[in-house]
Amino acid sequence: MKNLTFAAAIAASLTAALPAAALTDNLGAQRAVADAGHVELDRVTSATGGYVEILDGSSIETGVLLGSEDVRAGLETDVRVQLIHRPYRDNVIAVLYDADGQVTATRELRVQN
């Protein structure tokens, strides 16, 4: 009985530690988006919360802002970013910022026509 209680305590402590260790800022594995008036991101994970920007272009420095959306801390699915206008190029860049405005993740997405 003592071993069972000890094993349960260890399992509970490991389970409690998993979300903190597994929570890294990322934009999922998505590689493409539809050519539409919005971008739908299937998974956004943020440790602190923040926002996502969608840029038209090939780099963060030169990209034109198409739209942004706030995200909460943790995992969010189906994050919809309304765009000011449709992308001009065949690709856009999704940029995830933390609560302090620091870039924590980026993902280049192909625009499907």
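Heads up: the structure comes first, above all this text.
Bear in mind that the values here come from a model prediction, so they are computed numbers and not experimental data. (Residues numbered from 1 in each chain as written. Predicted model: local features only at pLDDT ≥ 70, side-chain atom pairs only at ≥ 80, totals over all residues. Heavy atoms only, no water.)

Asks: If you had to explain the side chain of Arg107 to someone new, which residues and values would you point to?
Replies: When you line up the elements, Arg107 lands in strand β7 (residues 103-112). Buried and unpaired, Arg107 has no salt bridge, with Asp42 as the nearest side chain of opposite charge at 7.4 Å. Here Gly28 takes part through its backbone oxygen, which lies 2.3 Å from a polar atom of the side chain of Arg107. Ignoring anything within four residues of it in the chain, the contact list for Arg107 reads Leu27, Gly28, Ala29, Gln30, Arg31, Val92, Ile93 and Ala94. (Helix = DSSP H or I, 4+ residues; strand = E, 2+ residues; numbered from the N terminus. Buried < 20%, exposed > 50% of the residue type's maximum accessible area, 1.4 Å probe, protein only. Lys, Arg positive; Asp, Glu negative; His and termini not counted. Salt bridge = Lys/Arg side-chain N within 4 Å of Asp/Glu carboxyl O. Polar contact = N/O pair within 3.5 Å; in protein donor to acceptor, adjacent residues only side chain to side chain. Contact = heavy atoms within 4.5 Å.)

Asks: How would you explain the sheet that holds strand β3 (residues 50-56) if you had to name every residue and give the values?
Replies: With mixed pairing, the 5 strands of this open sheet are ordered in space as β1-β7-β6-β3-β4. Looking at strand neighbours, the two that pair on one side only are β1 (32-34) and β4 (64-71), the edges of this open sheet. Strand-to-strand twist across the sheet, computed as the mean angle between neighbouring axes with direction ignored, equals 30°. By the bridge criterion, 3 bridges tie β1 to β7 in an arrangement that is parallel. The residue bridging Ala34 from the neighbouring strand is Gln112, located in β7. (Pairing = 2+ DSSP bridges. Axes fitted to C-alpha atoms, helices over the stretch in contact; angles between N-to-C directions.)

Asks: Any chance you could break down the pattern of salt bridges for me, citing the residues and the numbers?
Replies: Applying the stated criterion across every chain yields a total of 1 salt bridge. In this structure, the salt-bridge partner of Asp56 is Arg89, at a minimum N-O distance of 3.9 Å. Residue Asp56 is located in strand β3, and its partner Arg89 is located in the loop between β5 (74-82) and β6 (91-98); the two are separated by 33 residues in the primary sequence. On the accessibility criterion, Asp56 (2% relative accessible area) is buried.

Asks: Describe the packing of aromatic side chains, naming the residues involved and giving the relevant values.
Replies: Given two aromatic rings, their pairing is described by the distance between the two centres and the angle made by the two planes. In the structure shown here, the tally under the stated rule is 1 aromatic pair. When the ring of Tyr51 is compared with that of Tyr97, the centres are 4.6 Å apart and the planes differ by 10°; the resulting orientation is stacked. Here the residue Tyr51 occupies a position in strand β3, and Tyr97 occupies one in strand β6, the gap between them amounting to 46 residues. Classification of Tyr51 as partly exposed rests on a relative accessible area of 26%. Residue Tyr97 is classed as buried on the basis of its relative accessible area of 9%. (Phe/Tyr/Trp six-rings, centres within 6.5 Å; stacked < 30°, edge-to-face > 60°.)

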